[in-house]
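Residues per chain are reported as follows:
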Amino acid sequence: GAVVSQHPSWVICKSGTSVKIECRSLDFQATTMFWYRQFPKQSLMLMATSNEGSKATYEQGVEKDKFLINHASLTLSTLTVTSAHPEDSSFYICSAGLPEPYNEQFFGPGTRLTVL
Amino acid sequence: QQQVKQSPQSLIVQKGGISIINCAYENTAFDYFPWYQQFPGKGPALLIAIRPDVSEKKEGRFTISFNKSAKQFSLHIMDSQPGDSATYFCAASKDGGATNKLIFGTGTLLAVQP
């Protein structure tokens, strides 16, 4: 149980285009999902916290107009990187909160974004 | 006060040995301390987690030791295997991990030599 999926697993796009990444909790409902970014050999950097049906809460320094987050249902959150540039190339990972009695956070497999 | 400090940055252990990774936190409001294992190109996988009402939790070869007064917790991997070679992250949060953000340590790259 507690499986989180992401799609796509990798994507290559041209500079200036937008890319959407989907995050799904497959066997549980998650009121809260999180989006992280990870650079090579570094820790996970939280970008935003997404609650179902409400606006995402972005961490300081993360451009909300560039990284659009939608959490339309209890099993799906999407991250759209708008007008992507090479510096946006990174490993994007989502996670979903498994509610009580577990109260734990499970991660997706990640999406490798390369912007040319 | 939000930081979680993790050490060592890298660790080499012989097969069958014990791997020990340490973390320290400052925020006394933290009450949930998970450890995640990450292989290259994959998302982190929850390994084991502890809450401050116990001082130790064991699951198979993995044990978390928790010292509330020292604000420290550690991961012990017994009988380390080459398949355990990965990056390990400690984390901490308030009120559990389902709805509150995790504060991650900087990670420890573990290499278990055969």
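Quick note: structure is the one above.
These figures come from a predicted structure and were not determined experimentally.

A. Structural detail: the sheet that holds strand S8 (residues 72–77) of chain B. Residue and element names in this part refer to chain B. Ordered by their spatial adjacency, 5 strands build an open sheet running S1-S3-S8-S7-S6, and the pairing between neighbours is antiparallel. Of all strands in the sheet, those with a lone pairing partner are strand S1 (4–7) and strand S6 (56–59), marking the two edges. Along the sheet, successive strands turn relative to each other by an average axial angle of 15°, direction set aside. One ladder, built from 6 bridges, connects strand S3 (residues 19–25) with S8; its direction is antiparallel. Looking across to S8, one finds that Ala24 is bridged to Gln72.

B. Layout of the nonpolar core. Residues and elements named next belong to chain A. Core analysis: the biggest nonpolar cluster contains 27 residues, and Val4, Phe28, Trp35, Phe67, Leu79, Tyr92 and Leu113 have the highest contact counts within it. Secondary structure elements with two or more residues in this core: strand S2 (10–13), strand S3 (19–25), strand S4 (32–38), strand S5 (44–51), strand S7 (67–73), strand S8 (76–81), strand S9 (90–98) and strand S11 (111–115). Element by element, the count of residues in this core is highest for S9, at 4 residues. Other than its neighbours up to four places away in sequence, Phe67 contacts Arg37, Met47, Tyr58, Val62, Leu79, Thr80, Val81, Asp88 and Tyr92.

C. Local environment of the sheet that holds strand S1 (residues 4–7) of chain A. All names here are of chain A. Pairing in this open sheet of 4 strands is antiparallel, and the strands run S1-S3-S8-S7 from one edge to the other. Both outer strands of the open sheet, S1 and S7, are each paired with one neighbouring strand and no more. This sheet shows a mean twist of 15° between the axes of neighbouring strands, independent of strand direction.

D. View of the packing of aromatic side chains. A complete count under the given rule lists 14 aromatic pairs over all chains for this structure. One aromatic cluster is present, formed by Tyr25, Phe30, Phe33, Trp35, Phe66 and Phe73 of chain B through successive ring pairs.

E. Seen up close, the layout of surface pockets. A volume near 570 Å³ is recorded for the largest pocket. In terms of lining residues, the largest pocket is bounded by 23 residues, among which Gln38, Pro40, Lys41 and Gln42 of chain A together with Thr87 of chain B are the most central. Going through the elements one at a time, strand S9 (86–92) and strand S11 (108–113) of chain B are the ones with two or more residues in the lining of the largest pocket. Top element by residues in the lining of the largest pocket is S9 of chain B. It accounts for 3 residues. Taken together, the residues that form the lining of the largest pocket break down as 8 nonpolar, 12 polar and 3 charged. By volume, the second largest pocket is sized at about 330 Å³. Leu44 of chain A together with Gln2, Leu102, Ile103 and Phe104 of chain B are, among the 14 residues lining the second largest pocket, the residues nearest its centre. Per-element accounting of the lining of the second largest pocket gives the leading share, 3 residues, to S5 of chain A. Here the residues of the lining of the second largest pocket are counted per class, giving 7 nonpolar, 5 polar and 2 charged.

Definitions and limits used
- Residues numbered from 1 in each chain as written.
- Chains lettered and ligands numbered in written order.
- Predicted model: local features only at pLDDT ≥ 70, side-chain atom pairs only at ≥ 80, totals over all residues.
- Heavy atoms only, no water.
- Pairing = 2+ DSSP bridges.
- Helix = DSSP H or I, 4+ residues; strand = E, 2+ residues; numbered from the N terminus.
- Axes fitted to C-alpha atoms, helices over the stretch in contact; angles between N-to-C directions.
- Core = buried A, V, L, I, M, F, W, Y, C linked by side-chain atoms within 4.5 Å.
- Buried < 20%, exposed > 50% of the residue type's maximum accessible area, 1.4 Å probe, protein only.
- Contact = heavy atoms within 4.5 Å.
- Phe/Tyr/Trp six-rings, centres within 6.5 Å; stacked < 30°, edge-to-face > 60°.
- 1 Å grid on protein atoms, 1.4 Å probe; cavity = no way out; pocket = protein on both sides within 12 Å on 5 of 7 lines; lining within 4 Å.
- Points joined across faces, edges and corners; volume = space filled by probe spheres on them.
- Nonpolar A, V, L, I, M, F, W, Y, C, P; charged D, E, K, R; others polar.

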